[in-house]
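Residue strings, one per chain:
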Amino acid sequence: MDRYETVIGLEIHVELQTASKLFCGCSATFGGEPNSNCCPVCLGLPGSLPVFNRRAIELAATAALALNSEIQGKSRFDRKNYFYPDLPKAYQVSQYDQPLAKGGFLDFRIKNEIRRVNLERVHLEEEAGKLLHAGESILDAEYSLVDYNRAGIPLLEIVTRPDLRSGSEARFFLESLRLLLLYIGVSDCKMEEGSLRCDANISLRPTGSQELGIKTEVKNMNSFKAVEAALEFEAVRQEKILNSGGKVGQETCHWNEETRETIPLRGKEGSSDYRYFPEPDLLPLLLEKSLIRELAASLPELPLQRFQRLQDNYGLAESEAQIFIDNRDLGDFFESAAKTYNNYRNLANWVQGDFLFQVRERGYRLEKTLPDHLVEILVQLDNGEISRPVAKNLLAESLKTGRSPLELIATNNLGRITGRDQLLPLVEQVIAENPGAVDNFRRGKEKAVAFLVGKVMALSSGRADPGELNRLFRDIITK
Amino acid sequence: MSEDFLKEVEHVSRLARLNLKPDEKEKVAGQLQSILGIAKKIQELDTTGVEPTSHVINLPAILREDVVRSSLPVDQVLLNAPKRNKNYFQVPRITAVE
Amino acid sequence: MKLHENTAVVLSQLLAKKEVSAIEVTQSFLNRIGDLDPLLKAFVTLTPEFALKTAAEVDQKRINGKRLHPLAGVPIAIKDNICTEGIKTTCASRILSNYHPPFDATVVSSLKAIGMPLLGKTNMDEFAMGSSTENSAFFTSRNPWDPERVPGGSSGGSAVAVAAGMAPLALGSDTGGSVRQPASFCGLIGLRPTYGRVSRYGLIAFASSLDQIGPLALTAEDAALLLGAIAGYDRLDSTSLPEDVPDYSKELGAGIKGIRIGLIGENVDQQFDPEVNAAVKRKLTMLEQHGAVTGEVSLPLTDYGLGAYYLIAPSEASSNLGRYDGVRYGYKAESRHLEEMFSNTRGEGFGAEVKRRIMIGTYALSAGYYDAYYLKAMQVRTMIRRNYEKAFQSFDLILGAATPTPAFKIGEKSDDPLQMYLSDVCNINDALAGIPSISVPAGLHSSGLPMGMQISAPPSGEKLLLAAAHFLDGQKRGVPQRPQLEIGEGGSK
């Protein structure tokens, strides 16, 4: 048994997918020329005032509902005061003691088990601008440049309770959270573009203890892998300190992706004092029960619900269902095809096998593919009308051209070649053209048959049945 | 004036990013104390159970539709910039260490 | 009578009858400014070309027979904390001394749409913090009744402009008396509207939950016209009142018969100039004689307003003024690194009073003091609102002095912030309650200076306030309404 238990809580920030910013009409899209999506409001020009974006509120409430968090009928916005060049007003409009939603939880699968992480709160705030450092890093940059395009984009903050127990758990949780948010369509959740970010509080305590140890805050983790690696590293770092009889300092650590270590930022600004107070420029936010009901009713099926349903309705294995959950569009494709084809396991096999391979290999867009085409192929295969190799070729051809497989079978004469009468001319041709292989077989080299079968398969464009050919060759050559 | 209060004044001026010259600091500390004196008068009142007023308007927030409106031209955005670098605002080095 | 001596309403009539052109009217005020402003220093920035251009456009429209607003062609001066696109807006601060806003405040858009020529931007206490304009980073404006005295503040420049005939109308802003107190010192009408009645969009914030833009005028009629032009719901201001704007000029003459008016008992008991108290009582008697029902009203928390105000306003200010950091606009100090730039920019860019308020506010909001100071002040604010609600159950209007004394001397209080703060004591509670309040002239003090009286109404009661003020306007007999100014001293007194 381990001497220490790791305790982790996460603070996740998610940029909401609105057209315009939280408090002004500037475009909220990623990128753009520097400082081109700015106006008096998001630049914090003197005299400018904020006005709520309805869509941002609705997306935030939708996320809260999906996270089982209790939406507050009345919530309030506060100013969080601090100075930094990316913060145009020197305060961030955020929510302090009356957040949009309180509590909640997210259930997620990890190693075939369902785990629950409880949430502290879900609230809405505004995004800051972006700093570019002229140099290797913030530490040695002679100067920095500020771009306020991002300033004012609506940002959802989700705070978990300290319910996670390892870096890998944190990663699983985050991936599940991302999936959930993608399902409900509130954010594009791109960690590499910063639209999903995560800070972590991590502490160690003696196994069995209920008290929390001294925590550090880990920042600058820019991928799911980084979250896992940083927290695993930090847990080890803290353990070493504790084992050597030391005390963990309550501090902020930066994950360094290059050196793969967490580095405490010592001496940087003592405990912060944000001087929160109610934002006088914004009246309290009231959310009508009817709106909340409406949003709840329009929630789509969530990943875990779908996971269960795919198993219940289609008899899929957990692993199969999981692939459809992780690849939502693929799952949609499957379910659409399953409406007219009821050998679900076979369908799932094809969808996750050949179909997915083709789509990925050739870069086809999933939404442009037709489930009916796959079903046509599978029905022909099941009926013995086409061979398996032909089925695969058909799938490739139909994906490439968009033409119906039935039509391709008819025009290209792709039906199976079966029976001695139809196969014999091909078999005789191959025997005549490959006397060496025939001799080899006669001398007892079993592999030679496979070679000859392959030749016929090639001649017939895969329309013949290899088993039948095998028998036929033996029959004819050994006679 | 107590050392403690002067220390506090220093802390507050740091929080507010407000550089006060040494003579200014003494003066401000004194004035701050007398102003807090009138402010302290409200401590006499019993406010138990009284809702704080942060807005005098008893209405809920209004919401605008999520419609993109044109932003300022970049030159207008940077018009008043004390230090401009291309189309960015420039700030000096962030860390104090040389 | 010279053109610049007329009220806005008279000018409006002359313009409508085409007896004068907007160019002539504007030029007359520009001339007056040229004569007097070197002495009185009401303006921070003058915009004569822009004013004349607007005037010419109005004249053209009138010739073309276009329907025009009554105030079309009537010039105006605007306090320098109200944003004007492309025109320097400084808040009388070093930190914004060269700031050119890229947008108009909503009220400025309204005035432009009407066609009111903008004469210039007026001096004020830096960031509207003060009661004398002595906190302006540029210069102190002079009271036209006695240039040795302050005009009041923070909207001092606007008050001077109107009182001296350099503008027929002006806009000020009132956070804790900044329209009404200078109106009182300069013998004018100064109206603080109900919080939310006039859009704050483009008004550079001092204390957001208190700031309101309001008119300064010679008469209640003029104030009513201007209020009508700037009031109304604004989708850019979330704290804007979604109410229709009544026609403030209509029924101004309804009189005060049957109106219940209460005199604030607490005010009179204080250490006010006895002449001020007597003047207020005289006015009350006059109102009674003309049919008003009068009585005394108690606002027991009056004394606590000052304490609550000097916590709430600086707290909000400390946050509102954080943005002046040398990054996006305004003054920037030289420095080796970021924090030094922030601290030096703000240390050098702000004046003493602004720094004081930032310090108080930061202190009151900081960890450990929030509950005892800020939260407590907000609770007291609730109690003060309830005081008024109760008072307005018995009275339609509440009356008291607008300022404890007439205008004080320049330099008299500038070294003592507390004494300065006390000069707003009559105006603060209305602001905390968010109710409308008007300052009206109450006659001349034995020193020859004007005195002011303040009338307050329940939320959205501007119409009644203006009717009462209009009634009092009509009762003035034999009292000089304008300062007697000697011109031609070359601006150096």
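All values derive from a computational prediction rather than experimental measurement. (Residues numbered from 1 in each chain as written. Chains lettered and ligands numbered in written order. Predicted model: local features only at pLDDT ≥ 70, side-chain atom pairs only at ≥ 80, totals over all residues. Heavy atoms only, no water.)

(A) Structural view of the overall build of chain B. Looking only at helices and strands, one finds three helices and three strands in chain B. Its helices and strands in sequence order give chain B the pattern α-α-β-α-β-β, from N to C terminus. Its C-alpha atoms give chain B a radius of gyration of 23 Å, more than 25% over the compact-globule value 13 Å for 98 residues. Here chain B holds 98 residues, and the buried ones make up 47% of them. A total accessible area of about 5400 Å² is found for chain B, and carbon and sulfur atoms account for 50% of it. Side chains of chain B carry 14 positive and 14 negative charges; the gap between the two charge centres is 10 Å. (Helix = DSSP H or I, 4+ residues; strand = E, 2+ residues; numbered from the N terminus. Rg over C-alpha atoms; globule rule 2.2 N^0.38 Å. Buried < 20%, exposed > 50% of the residue type's maximum accessible area, 1.4 Å probe, protein only. Areas by Shrake-Rupley, 256 points an atom, 1.4 Å probe, with all protein chains shown as cover. Lys, Arg positive; Asp, Glu negative; His and termini not counted. Charge placed at Lys NZ, Arg CZ, Asp CG, Glu CD.)

(B) Just the sheet that holds strand S2 (residues 84–85) of chain B, in detail. Read across the open sheet, the four strands follow the order S10(A)-S11(A)-S3(B)-S2(B); overall the sheet is antiparallel. Two strands bound the open sheet, and with one partner strand each, they are strand S10 (130–133) of chain A together with S2 of chain B. Looking at chain direction, S2(B) and strand S3 (residues 88–92) of chain B are connected through two bridges and run antiparallel. Within S3(B), the position partnered with Arg84(B) by the bridge is Phe89(B). (Pairing = 2+ DSSP bridges.)

(C) Local environment of the pairing of strand S10 (residues 437–444) of chain C. All names here are of chain C. Counted residue by residue, S10 has six buried out of eight residues, so it is predominantly covered. Two strands pair when backbone bridges link them, and strand S5 (residues 189–192) and S10 are joined in this way by three bridges, in the antiparallel orientation. Following the sheet pairing, Arg192 is matched in S10 by Ser437. Bridging between S10 and strand S11 (residues 450–456) involves six bridges; their strand directions are antiparallel. Bridge pairing in S11 places Ile438 opposite Ile455. Connecting S10 to the next strand, S11, in antiparallel fashion are five residues, including Gly448 with a positive phi near 90°.

(D) Up close: helix H11 (residues 338–349) of chain C. With 12 residues, H11(C) ought to run about 16 Å at 1.5 Å a step, and its terminal C-alpha atoms sit 16 Å apart, in line with that. Across the 12 residues of H11(C), 10 count as buried, placing the element largely inside the fold. By the burial criterion, the buried members of H11(C) are Leu338(C), Glu340(C), Met341(C), Phe342(C), Ser343(C), Asn344(C), Thr345(C), Arg346(C), Gly347(C) and Gly349(C). Its buried side turned inward, H11(C) meets S3 of chain B together with helix H12 (352–365) of chain C. (Expected span 1.5 Å × (residues − 1). Contact = heavy atoms within 4.5 Å.)

(E) Focus on the pattern of salt bridges. Applying the stated rule across the entire model yields 53 salt bridges over all chains. A salt bridge links Glu142(A) to Arg93(B), with the nearest nitrogen and oxygen atoms 2.9 Å apart. With Glu142(A) in the loop between S10 and strand S11 (143–147) and Arg93(B) in the segment after S3, this residue pair bridges two chains. We classify Arg93(B) as buried; its relative accessible area is 8%. Across the pair Arg180(C) and Asp430(C) runs a salt bridge, and its minimum N-O distance is 3.2 Å. Taken as a pair, Arg180(C) in helix H6 (residues 180–186) and Asp430(C) in helix H15 (residues 428–433) lie far apart in primary sequence, 250 residues in all. Like Asp430(C), Arg180(C) is buried. (Salt bridge = Lys/Arg side-chain N within 4 Å of Asp/Glu carboxyl O.)

(F) Region of the structure containing the pairing of strand S1 (residues 4–15) of chain A. All names here are of chain A. Burial of S1 is extensive: 10 of the 12 residues sit out of reach of the surface. Both S1 and strand S12 (residues 154–160) contribute to a ladder of five bridges, which runs antiparallel. When the sheet's bridge partners are listed, Val14 is paired in S12 with Leu156.

(G) Structural view of the interface of chain B and chain A. With 32 residues of chain B at the contact, the number on the chain A side is 52 residues. Roughly 3700 Å² is buried in total at the junction of chain B and chain A, and carbon and sulfur atoms are behind 61% of that figure. For the pair chain B and chain A, the number of links is two salt bridges. The tally of links from chain B across to chain A stands at 21 residue pairs in polar contact (both at pLDDT 80 or more). Contributions of two or more residues to the side of chain B that touches chain A are made by helix H1 (3–15), strand S1 (63–64), helix H3 (74–77) and S3 of chain B. Sheet analysis places S11(A) next to S3(B), joined by four bridges and oriented antiparallel. Bridge pairing links Val146(A) to Phe89(B) in S3(B). (Buried area = accessible area lost by both parts, 1.4 Å probe. Polar contact = N/O pair within 3.5 Å; in protein donor to acceptor, adjacent residues only side chain to side chain.)

(H) Spatial organisation of the layout of surface pockets. Residues and elements named next belong to chain A. Estimates place the volume of the second largest pocket at around 840 Å³. As for the second largest pocket, its lining consists of 37 residues, of which Glu175, Ser176, Leu179, Pro303 and Ile325 are closest to the centre. With eight residues, the single largest contributor to the lining of the second largest pocket is helix H2 (residues 167–184). Its residues assigned to classes, the lining of the second largest pocket shows 20 nonpolar, six polar and 11 charged. Counting the residues that make up the lining of the second largest pocket, at least three belong to each of domain 1 (4–294) and domain 2 (303–412). (1 Å grid on protein atoms, 1.4 Å probe; cavity = no way out; pocket = protein on both sides within 12 Å on 5 of 7 lines; lining within 4 Å. Points joined across faces, edges and corners; volume = space filled by probe spheres on them. Nonpolar A, V, L, I, M, F, W, Y, C, P; charged D, E, K, R; others polar. Domains from an automatic or database assignment.)

(I) A look at the side chain of Ser69(A). Residues and elements named next belong to chain A. Mapped onto the secondary structure, Ser69 falls in the loop between helix H1 (54–66) and strand S3 (70–71). Of the residues examined, Ser69 reaches a relative accessible area of 5% and is grouped as buried. Looking at Ser69, its side chain comes within polar contact range of the main-chain oxygen of Lys102, at 3.2 Å.

(J) Seen up close, the domain arrangement of chain A. Domain annotation for chain A reports domain 1 (4–294), domain 2 (303–412) and domain 3 (420–477). If you average the C-alpha positions of domain 1 of chain A and of domain 3 of chain A, the two centres end up 66 Å apart.

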